[in-house]
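Secondary and tertiary structure notes
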Amino acid sequence: MKHLMNVEGLSTMFYTEEGKVAAVDNVSFRVREGETVCIVGESGCGKSVTAMSIMGLIEEPGGRVTGGKIEFAGEDLLKLDKNTLRAIRGNEIAMIFQEPMSSLNPVMKIAEQIMEPLMVHLKMKKKAARERAIELIKQVGISRPEQIADSYPHELSGGMLQRIMIAVAVSCNPKLLIADEPTTALDVTIQAQILDMLREFKENSGMSILLITHDLGVVAEMADYVIVMYSGKIVEEGEVVELFKHPKHPYTRGLLKSKPVVGQRLEELYSIPGQVPNPLELEASCYFHDRCGDCMQVCRSRQPQLKELDSGQKVACWLYEEVEAHV
Ligand SMILES: Nc1ncnc2c1ncn2[C@@H]1O[C@H](COP(=O)(O)OP(=O)(O)OP(=O)(O)O)[C@@H](O)[C@H]1O
Ligand SMILES: [Mg+2]
């Protein structure tokens, strides 16, 4: 499979009153054509900021992409001017969010919101765009598409709005769809329907998906490749089957252990002890060390680098470094 996007050394900072936050710190990964890459990790680990950096949505003076490159279809997105980036955004790269109302306009009819990108990016005429919009509403599994087309967002349920947002996102046949927790706010049945639909779009169009979630059930169902983030860094990555079968990083193991299984009582559910470190107080250490059952001396004073193992998985953990780890 060919590479569609190559993120290399991406670093994004926020400048807050309390100090600098390295929300994304030297993150590199690739997305191949037709592949679904999942980014997983607890709240605050930098998943959304990674997506927003790719979309060019980090705005100064509060935040800035301080380093790295994002090659997409051969061009570095970080070097493009605003207009070129805008043309790519919503056209070749589309994004959907957890909260549909953050990208839908409350005072615009549903049809118009789907028609807009078709008319702007694909230069469709109004009539053709409306026909296509109705077709898309049907494709995302909504019955009575004509009636829905002339509704306003507040007239629809959360699940329906999420479907509309997907219709807007896939309307211009993007090469990459970035989905940030697209089903977190929905109930389980609707969540499953939406994920099925995303998979179907992917299979029919060949688009790639960068899916952000904290839900390992979603990862197991959707991912080809998994990236595990912790405190702004990648701590482990690999093909989904390998990663679930042989998780290497104690954090990944903890995440997998905290995934509920059928028949388990709520009070039996495991959760990783402790909390993610304060991003303002990160030290030269493994950021996970004080939550880790395998913590060694070296973990408290030096940060492990991401390293490829024989299995092809990559892991940043002193357990997999020889000799010097045990000093
Ligand atoms: N606009 C901002 N200003 C300051 N800090 C920010 C801003 N946006 C994000 N951050 C910080 O960057 C870090 C990463 O945040 P991010 O939103 O990427 O987390 P996340 O992994 O998406 O979490 P969640 O699962 O809760 O969505 C956090 O420490 C967060 O507080
Ligand atoms: Mg987020």
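Look above for the structure.
All values reported here derive from a predicted model rather than from experimental measurement.

We now examine the overall build of the chain. Scanning the chain for helices and strands turns up 11 helices and 12 strands. Over its C-alpha trace the chain gives a radius of gyration of 21 Å, about what one expects of a compact globule, namely 20 Å for 327 residues. Reported as C-alpha extents along the three principal axes, the dimensions of the chain are approximately 70 × 50 × 45 Å. For the chain, buried positions account for 48% of its 327 residues.

With that out of the way, let us pick up the environment of isoleucine 137. With respect to the helices and strands, the residue isoleucine 137 is situated in helix H4 (residues 126–139). Owing to a relative accessible area of 0%, isoleucine 137 belongs among the buried residues under this scheme. Taking the C-alpha atoms as reference, isoleucine 137 lies 8.0 Å from isoleucine 148; in sequence the two are 11 residues apart. In this structure, isoleucine 137 is in contact with Ile110, Ile114, Ile142, Pro145, Ile148, Ala149 and Ile164, ignoring residues within four places of it in sequence.

With that settled, the discussion passes to the nonpolar core. One finds Ile164 and Ile166 to be the most contacted residues of the largest nonpolar core, which totals 61 residues. Non-local contacts of isoleucine 166, meaning those with residues more than four positions away in its chain, are made with Ile96, Val140, Ile194, Met197, Leu198 and Phe201. Counting 34 residues, the second-largest nonpolar core is a separate cluster that includes Ala51, Ile88, Leu176 and Ile212.

About the cut-offs
- Residues numbered from 1 in each chain as written.
- Chains lettered and ligands numbered in written order.
- Predicted model: local features only at pLDDT ≥ 70, side-chain atom pairs only at ≥ 80, totals over all residues.
- Heavy atoms only, no water.
- Helix = DSSP H or I, 4+ residues; strand = E, 2+ residues; numbered from the N terminus.
- Rg over C-alpha atoms; globule rule 2.2 N^0.38 Å.
- Buried < 20%, exposed > 50% of the residue type's maximum accessible area, 1.4 Å probe, protein only.
- Contact = heavy atoms within 4.5 Å.
- Core = buried A, V, L, I, M, F, W, Y, C linked by side-chain atoms within 4.5 Å.

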